[in-house]
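Structural features, examined
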Amino acid sequence: MAARTKSTKDRPSYRCTECGWTTAKWLGRCPECQAWGTVEEYGAPAVRTTAAGRVSTAALPIGQVDSRQATARSTGVPELDRVLGGGLVPGAVVLLAGEPGVGKSTLLLDVAAKAASEDHPTLYVTAEESASQVRLRADRIKALHDHLYLAAETNLSSVLGHLDAVKPSLLILDSVQTVASPEIDGAPGGMAQVREVAGALIRASKERGMSTLLVGHVTKDGAIAGPRLLEHLVDVVLSFEGDRHARLRLVRGVKNRYGATDEVGCFELHDEGITGLTDPSGLFLTRRDAPVPGTCLTVTLEGRRPLVAEVQALTVDSQIPSPRRTTSGLETSRVSMMLAVLEQRGRITALGKRDIYSATVGGVKLSEPAADLAIALALASAASDTPLPKNLVAIGEVGLAGEVRRVTGVQRRLAEAHRLGFTQALVPTDPGKIPPGMKVTEVATLGDALRVLPRGRQKSGSGPSAEGPAGGPVGSPRRAPSKESADAPRDGDLRR
């Protein structure tokens, strides 16, 4: 009570100079005597200042600061090193967040075994599983090492005690939401507990020069659970993404004080564990001897990393008044936009009353506008039942007016396609330097791009002919049609 009384006296209060009535906030009119402008502040606390103290280390010119203490050490997993900017920096705290079952614990257990050595022991603390369960996973993925120490703890003080006993160079905590401090009220995972646990481990990491990997949970919206302060406190924030029904896993850098945030690491999850993919484009392609209608290849950028992906489309006669529009790995809104552009600008009318299914191969998700041209060509190829030329990639954003717009990183995309053996490409105008031996055709409109479709067969049961727009092969000279021939409709053509 004494402390409460003292705190009450220290608070500023207001008093009426006419009748002496007091209140905790200012009022223009005293409710006691009804006088105006008589309420004034009194008893304001004195302003407290912090005196200058002794400094721990003297300030140095930035050129004299030793940067060797921030030299990164490899984790033993090249794909993770790529995202981290070369490896783990001593004293750095990394937060790895992802959905349940995506493979966070499997990846970090593999990192713990590969980073452990006689000079750099590793401590793996699990707060969600027992030590025997982690040992079974380690046997399965062959993540055993003499200098990898394992502990199952949910108490923060016990975790700090293990640090004193093992003195590790790398600490892995799985997860930060399941460890609690006995000195803080609240259940594990609460805002106060997460803030205290993260703060204590960050202080220990900086004092010991120990790298720390924290596993974080996510909410149903995909955001990192816990206070937003957690992301501000740590040095690196990584997002572990992937469809649980697919083998591909992506590690993206959301925040990185030691490197770039536009790098992406690719991993493959299988029964024997998780392995890095230095060339993941093979997961997104289907190898065929002959081209198939309704398929088109594009090159997408995941951060700064180009990946060749395949877009597939299928059109069938609809049995219901409202045709189906089903997508997988593609944004439904962008597919609907390409259908509208094809009908209005490309004059393709065979898509309006048909069920349309579009998807990607290998579980990759294409959301950038650079895949618009490939989506449009795949839909047009499926409608006309004519395949696109073999070894062709399409890159470009398609606008509502039918124009093909420029996208970023065209040269990097073309270099990746050329490395994988593709010899032809459709790109927007002015693509820059072209890889030698690759035939690149610049297209300014969607109509120019549709000329790569040869004349196709008439599909049975499709009513009007599903023949594609007339045109020659990629790279053939384009002839400007006359006004009469351009406006006149042609029989057996998809164009009006």
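The structure presented is a predicted model; accordingly, all values stated were derived computationally and were not measured.

1. Thoughts on the overall build of the protein chain
Secondary structure assignment for the protein chain yields 12 helices and 21 strands. Residues classed as buried in the protein chain amount to 45% of the 496 residues present. Contacts spanning at least 24 positions in sequence make up 67% of the contacts within the protein chain whose residues lie at least 6 apart. Only carbon and sulfur atoms are counted for the fraction: they give 51% of the accessible area of the protein chain, which is about 25600 Å².

2. So, the sheet that holds strand β3 (residues 39–42)
Read across the sheet, 3 strands follow the order β2-β1-β3 without closing on themselves; strand pairing throughout is antiparallel. At either margin of the open sheet sits one strand with a lone partner, and together these are β2 (22–23) and β3. Where strand β1 (residues 13–16) meets β2, 2 bridges bridge the pair, whose relative direction is antiparallel. What sits directly across from Arg15, in β2, is Thr22.

3. Description of the packing of helix α3 (residues 104–115) against helix α4 (residues 131–141)
Helix-helix packing: each pair is described by the crossing angle between the helix axes and the interaxial distance. Put simply, α3 and α4 touch, their axes get as near as 10 Å, and they point 70 degrees apart. It follows from the interaxial angle that α3 and α4 lie roughly perpendicular. Across the interface between the two elements, Ser105, Thr106, Leu109 and Asp110 from α3 touch Val134, Arg137, Ala138, Arg140 and Ile141 from α4.

4. Quick word on the sheet that holds strand β8 (residues 211–216)
What the 9 strands build is an open sheet, ordered β6-β5-β7-β8-β4-β9-β10-β11-β12; its pairing is mixed. Single-partner strands in this sheet number two, and they are β6 (148–152) and β12 (273–276). The mean inter-strand angle of the sheet, taken between neighbouring strand axes irrespective of direction, is 20 degrees. As paired strands, strand β5 (residues 122–126) and strand β7 (residues 170–174) are joined by 5 bridges and run parallel to one another. Note on β7: the bridge partner recorded for Thr122 is Leu170.

5. Thoughts on the confidence of the model for the protein chain
As a general rule, the predicted coordinates of low-pLDDT regions are not to be interpreted in detail. Averaged over the protein chain, the pLDDT score is 85; the fraction of residues at 70 or greater is 88%. Here residues 1–9 is modelled with pLDDT under 50, and outside its nearest four sequence neighbours on either side it reaches 1 contact, counting other chains as well. Here residues 456–496 scores under 50 on pLDDT; set against residues more than four positions off or in separate chains, the count is 78 contacts.

6. What to know about the state of the cysteines
By the definition in use, this model includes 0 disulfides. No disulfide involves Cys30; its nearest neighbouring cysteine sulfur is the one of Cys19, lying 3.6 Å away.

7. A closer look at unusual backbone geometry
Of the consecutive residues Asp174 and Ser175, the connecting peptide bond is found in the cis state with omega at 5 degrees. A positive phi angle, close to 55 degrees, is found at Asp385, a residue other than glycine. Turning to its location among the elements, Asp385 is positioned in the loop between α9 (372–384) and β17 (392–394). Within the chain, Asp430 stands out as a residue other than glycine whose phi angle is a positive 55 degrees. The residue Asp430 is located in the loop between β20 (424–427) and β21 (439–442) in this model. For Asp430, a relative accessible area of 52% gives the class exposed.

8. A few points about the environment of Lys114
Note that Lys114 resides in helix α3. Classification of Lys114 by relative accessible area gives partly exposed; the value is 48%. Counting along the chain gives 39 residues from Lys114 to Thr75, while the straight-line C-alpha distance between them is 6.7 Å. In this structure Lys114 touches Thr75, Gly76 and Val77, once residues within four positions along its chain are discounted.

9. Details of α4
Residues Val134, Arg137, Ala138 and Ile141 constitute the buried set of α4. Angularly, the buried residues of α4 cover 105 degrees about the axis, an arc narrow enough to put them on a single face. For α4, exposure combined with an orientation more than 90 degrees from the buried face picks out Ser132 and Leu136. With its phi angle positive at about 60 degrees, Lys142 sits one or two positions after the end of α4.

10. Topic: the environment of Val197
Its location among the elements puts Val197 in helix α6 (residues 191–208). You can call Val197 buried: its relative accessible area is 0%. Val197 sits 13 residues away from Ile184 along the chain, and the two C-alpha atoms are 9.7 Å apart.

11. A look at the side chain of Asp81
Along the polypeptide, Asp81 turns up in helix α2 (residues 78–84). No salt bridge forms around the buried Asp81; measuring N to O, its nearest opposite-charge neighbour Arg73 is 9.4 Å away. Apart from the residues within four sequence positions on either side, Asp81 is in contact with Ser74, Thr75, Gly76, Gly86 and Gly87.

Cut-offs applied
Residues numbered from 1 in each chain as written. Predicted model: local features only at pLDDT ≥ 70, side-chain atom pairs only at ≥ 80, totals over all residues. Heavy atoms only, no water. Helix = DSSP H or I, 4+ residues; strand = E, 2+ residues; numbered from the N terminus. Buried < 20%, exposed > 50% of the residue type's maximum accessible area, 1.4 Å probe, protein only. Contact = heavy atoms within 4.5 Å. Areas by Shrake-Rupley, 256 points an atom, 1.4 Å probe, with all protein chains shown as cover. Pairing = 2+ DSSP bridges. Axes fitted to C-alpha atoms, helices over the stretch in contact; angles between N-to-C directions. Parallel < 35°, antiparallel > 145°, perpendicular 65-115°, else oblique. pLDDT = per-residue confidence, 0-100. Disulfide = S-S within 2.5 Å. Arc of directions from axis to C-beta. Lys, Arg positive; Asp, Glu negative; His and termini not counted. Salt bridge = Lys/Arg side-chain N within 4 Å of Asp/Glu carboxyl O.

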